[in-house]
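# Structural overview for review
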Amino acid sequence: MRKIIYTFFGILSCLSLLPVYSQSGKHYTTDKDFSNSLVNKVYQDKKGFIWIATENGLNRYDGLRFSIYRNTPGDTTSLKNNYVRTLFEDNQGHFWIGCINGLQLYDRATDTFREIDIRREGSHANPHVTSITERKNGDVWIATSEQGLVSLKKGEPLSQLRIESALTDQLGSRYLNYIFEDSSQRLWIATEDKGLFCYIPETEELQSYKAPLQIGSDDVYTLCEDTEENIFAGTLTGGLFRINIRFGKENFEPILYKQNIQLNIRTLILDHQGRLLIGTDGEGLKEYNPVTNRIEDSRTYAAPFDFSKTKIHSLLEDKDQNLWLGVFQKGLIMIPGTTNNLIYSGYKSVRHTTIGSSCVMAIFKDKSGITWVGTDNDGLYAINDRGERLLHFRSEPGNPHSVPATITTIYEDSNNDLWIGSYFNGLAKVDKKTAGASPLPGSAL
């Protein structure tokens, strides 16, 4: 018997080396990986490196290890500030680093950083850089929280980086959270206190969008456009809103979550399937359902992690369709984009706890399609092809016709009778409906 058990665990050890990684998420933490768990931004550059901006350092992941960058006092080529808010690489190859007190460029050749001067009315400005984008015409636009909008026209030297004072004054707010260009080359500007604006640089047309009065949420934090040219605005206190310019909807249309809970939204992305994924501040990952026009709990998960109540401050789908979640105070989770039909059930499973937490000793699928699972000290389970539990038969002390507690093998004969071999109680035939066990004559059962 011991030989059989040793062989069984040897098989398990070999199986653990097979490429089934795509069924589990990878959790990176500050224990041995990167610099800080307060993640602000996860970004992939054009060379494929994953960058993580945190409140205590900048990190670069090459697929094997993390390189950590921090400020070194007195070294002007080091990171300007350990609090890094945002990252962006433009089509000219400039890799922009937005810090809490200014702007830098990363030089790959020397692995160093260079500060980019921002001036306002002749004086040096050190704004909190919150968001950076590049228009299709090559102009770079930067949103800050303190100095408003900053821009650089394509082809101009970096010394020409300018604060857009007149436009900022029109916005009525210097405290900006996000900026991006939609498919029609309109700039969308999200503010902390004045709602959302749409700006067309060529005509200098500026349009304001406000949340409904009953919601009163003007703290727009993040923006995204879907394949139907809907603009989605995520707010910190009022949930998610949609604007459809094509159909003349010029105000926020609230998108509801269950029980009309107003989610605190931190980040939005559109994945390769066209799904709008929503990172919230305390309610985990959500999805927008365009059919019902409602927010739903995400079907994306990563065993054995349950991030339903986490603070997801950044989302990234990389070039290989892996999903990266910057989880504030928890670190970084990567969910592989390559999936197959394997479903993990049992101990630490997020969604499939159908067979308890005991060691699995035997598995058999009968002619009717039911899978029977024999466990170590937890009896016999029957599950269907969707991983749902149909039956669970436990050992009953004192009852000679109950199933054994520890089952080591299962077999179905030509008469469709189920036979089980146990660790302590020999061999028995099982009634599938009642799980009554009929011991083989001479067995210990």
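Scroll up for the structure.
Residues numbered from 1 in each chain as written. Predicted model: local features only at pLDDT ≥ 70, side-chain atom pairs only at ≥ 80, totals over all residues. Heavy atoms only, no water.

### Here we look at the environment of D62
In this fold, D62 is placed in the loop between β4 (57–61) and β5 (66–69). Separated by 15 residues in the primary sequence, D62 and K47 have C-alpha atoms spaced 9.7 Å apart. A polar contact of 2.8 Å, which involves the side chain of D62, links it to the backbone nitrogen of L64. (Helix = DSSP H or I, 4+ residues; strand = E, 2+ residues; numbered from the N terminus. Polar contact = N/O pair within 3.5 Å; in protein donor to acceptor, adjacent residues only side chain to side chain.)

### What to know about the sheet that holds strand β21 (residues 230–235)
If you walk across this open sheet you meet the four strands as β20-β21-β22-β23, and the pairing is antiparallel. Each edge of the sheet is formed by a strand with only one pairing partner; in this case those strands are β20 (220–225) and β23 (253–255). Direction aside, the axes of adjacent strands within the sheet are offset by 30° on average. Both β21 and strand β22 (residues 240–244) contribute to a ladder of five bridges, which runs antiparallel. Residue pairing across strands places A233 opposite F241, the latter belonging to β22. (Pairing = 2+ DSSP bridges. Axes fitted to C-alpha atoms, helices over the stretch in contact; angles between N-to-C directions.)

### Some details on the sheet that holds strand β3 (residues 50–54)
Strands sit in the order β2-β3-β4-β5 across an open sheet of four strands; the sheet is antiparallel. Strands with a single pairing partner mark the edges of an open sheet, and in this sheet they are β2 (39–44) and β5. The average angle at which neighbouring strand axes cross in this sheet is 20°, direction not considered.

### Here's the deal with the environment of I68
The residue I68 is located in strand β5 in this model. Relative accessible area serves as the criterion here: at 40%, I68 is assigned to the partly exposed category. Put simply, I68 and S35 are 33 residues apart on the chain and 6.4 Å apart in space, counted from C-alpha to C-alpha. With near-sequence residues (within four places) excluded, I68 lies in contact with D33, F34, S35, L58 and N59. (Buried < 20%, exposed > 50% of the residue type's maximum accessible area, 1.4 Å probe, protein only. Contact = heavy atoms within 4.5 Å.)

Interpretation in functional terms is not warranted from these geometric data alone.
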